[in-house]
Amino acid sequence: MGVLICEGAPGNAAYFVGRTYQQERQLRNEVLLRPAGIPDFGWEMFDREAHHFVAVDGAADGAVGQVVGCVLLVPKEDGGKLIQMAVDPRQQGGGVGRLLVDALVARAQVLGLGRVYCDAREKAEGFYDRLGFHREGDWFLEAGIPHLKMWVESAQYVPMGGCSL
Ligand SMILES: CC(C)(COP(=O)(O)OP(=O)(O)OC[C@H]1O[C@@H](n2cnc3c(N)ncnc32)[C@H](O)[C@@H]1OP(=O)(O)O)[C@@H](O)C(=O)NCCC(=O)NCCS
């Protein structure tokens, strides 16, 4: 796997007009929005305040890579919210998702966001559980899909993908 994890920070205007962000948006359409019946580009209301982490495949040796995974960190008063977690189906199960969360939690720590939390889709609950997230509360419906709040203390998160900021 020749995947690089890159970050597009809020306020970085260049990121939002670049090719990487356009690929990220398409990946989110394909992996998250269309399967949930949400219109393309229909969940971008937090994009400008979020840190964007993207996994770029084939970017070694100066080549132009392809975005194969993404996740967003939205700073909130009560911690950092992880949203829009997606990995290209052809790359799922290969560790890309973990690399992205490793980078996101590392950034959360740098930003002083003590807790990282997310609304986990039913099918992804096992993924967050594997990464050490805890379950909180009851299942609820969002976009017709069962979700569960899950969280981890950023200082207690154990990165296993080998990524640090
Ligand atoms: C959920 C998702 C992001 C996981 O990414 P991934 O790259 O496939 O995950 P990884 O390969 O990094 O997996 C890390 C670990 O979690 C496990 N895991 C991954 N997905 C899992 C799942 N759905 N259930 C249980 N365990 C899972 C892996 O086996 C691996 O375990 P290991 O450390 O023992 O090898 C990806 O499958 C995906 O994009 N799914 C569709 C969109 C989605 O549901 N997004 C989440 C919205 S809340």
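Asker: Explain the overall build of the protein to me, please; I cannot follow it from the model alone.
Answerer: Each helix and strand counted, the protein has four helices and seven strands in total. Secondary structure elements in the protein, listed N-terminal to C-terminal, are β-α-α-β-β-β-α-β-α-β-β. With the C-alpha coordinates aligned to their principal axes, the bounding extent of the protein is approximately 45 × 35 × 30 Å. Here the protein holds 165 residues, and 33% of them are scored as buried.

Asker: Would you mind going over the environment of Ala 55 with me for this structure?
Answerer: Take Ala 55: it is sitting in strand β2 (residues 51-57). Taking the C-alpha atoms as reference points, Ala 55 and Gly 69, 14 residues apart in sequence, are found 4.8 Å from one another.

Asker: Can you help me understand the nonpolar core in this one?
Answerer: In a soluble, globular protein the nonpolar side chains are often hidden away together inside. Phe 53, Ala 55, Val 71, Leu 82, Leu 100, Leu 104 and Val 116 are the most contacted members of the largest nonpolar core, which totals 36 residues. For this core, the secondary structure elements donating two or more residues are β1 (3-8), β2, β3 (66-76), β4 (79-87), α3 (96-110), β5 (115-121) and β7 (145-153). Of the residues forming this core, the biggest block, eight residues, is contributed by α3. Leaving out residues up to four positions away in the same chain, Leu 104 has contacts with Phe 53, Val 71, Leu 73 and Leu 82.

Asker: Sorry, what's going on with the site of the ligand here?
Answerer: The ligand sits among 19 residues. The nearest are Gln 92, Gly 97, Arg 98, Gly 126 and Phe 127. Among the secondary structure elements, those contributing two or more residues to the shell around the ligand are α2 (19-33), β4, α3, β5 and α4 (125-130). Along the lines of polarity and charge, the residues of the shell around the ligand split into nine nonpolar, six polar and four charged.

Asker: Looking at this model, I keep getting lost on the sheet that holds β7. Mind explaining?
Answerer: The strands that make up a sheet are held in pairs by hydrogen bonds between backbone atoms, and each pair lies either parallel or antiparallel. Across the sheet, seven strands lie side by side as β1-β2-β3-β4-β5-β7-β6; this open sheet has mixed pairing. Pairing within the sheet leaves two strands with one partner each, and these edge strands are β1 and β6 (134-142). In this sheet, adjacent strand axes meet at a mean angle of 25° when their direction is disregarded. The sheet contact formed by β3 and β4 spans seven bridges and is antiparallel. In the strand pairing of β4, Val 74 is matched with Lys 81. Contacts between α2 and the sheet are confined to β1, β2, β3 and β4, with β3 contributing the most and set at about 90° to the helix. Its contacts with the sheet put α3 on β1, β2, β3, β4 and β5, and the angle it makes with β3 is roughly 30°.

Asker: Would you take a moment to explain unusual backbone geometry for this structure?
Answerer: Among all residues except glycine, the phi angle is most often negative; among peptide bonds, the trans geometry is most common. Phi at Phe 41 is positive, roughly 60°, even though this residue is not glycine. Locating Phe 41 in the fold gives a position in the loop between α2 and β2. Taking the C-beta count within 10 Å as the criterion, Phe 41 has 12 such neighbours and is therefore assigned exposed. The residue Gln 84 is not glycine, and still its phi comes out positive at about 55°. Overall, Gln 84 belongs to the buried group, with 24 C-beta atoms counted inside 10 Å.

Asker: I would appreciate a short explanation of α3 in the present structure.
Answerer: An α-helix turns once per 3.6 residues; consequently, residues spaced three or four apart project the same way. Under the 1.5 Å per step criterion, the end-to-end length of α3 is 22 Å for 15 residues, consistent within 8% with the ideal 21 Å. Counting buried positions along α3 gives 11 out of 15 residues, so the element sits mostly inside the fold. Listed as buried for α3 are Val 96, Gly 97, Leu 99, Leu 100, Val 101, Asp 102, Ala 103, Leu 104, Val 105, Arg 107 and Ala 108. The elements touched by buried residues of α3 are β1, β2, β3, β4, β5 and α4. With its phi angle positive at about 75°, Gly 112 sits one or two positions after the end of α3.

Parameters and conventions
Residue numbering note: each chain is counted from 1, following its sequence as written. Confidence filtering applies because this is a predicted model: local features only for residues at pLDDT of at least 70, side-chain atom pairs given and counted only at 80 or more, and all residues used for totals across whole chains, interfaces and linings. Numbered from the N terminus, helices here are DSSP runs of H or I no shorter than four residues, and strands are runs of E no shorter than two. Working definition of burial: number of other C-beta atoms within 10 Å of the residue's own, with buried at 20 or more, exposed at 12 or fewer, and partly exposed in between, all C-beta atoms being placed from the backbone. To count as a nonpolar core, a set of buried Ala, Val, Leu, Ile, Met, Phe, Trp, Tyr and Cys residues must be joined through C-beta atoms within 7 Å. Residues are scored as being in contact if the C-beta atoms we place from backbone atoms lie within 7 Å. In this entry, near means the residue's backbone-placed C-beta atom lies within 6 Å of the molecule or strand. Lys, Arg, Asp and Glu make up the charged group, whereas Ala, Val, Leu, Ile, Met, Phe, Trp, Tyr, Cys and Pro make up the nonpolar group; the residues left over, Gly among them, are polar. A pair of strands is treated as paired once DSSP finds two or more bridges between them. The angle between two axes is taken between their N-to-C directions and runs from 0 to 180 degrees, where each axis is a line fitted to C-alpha atoms and a helix contributes only its stretch in contact. Given the number of residues in a helix, its expected span is that number minus one, multiplied by 1.5 Å.

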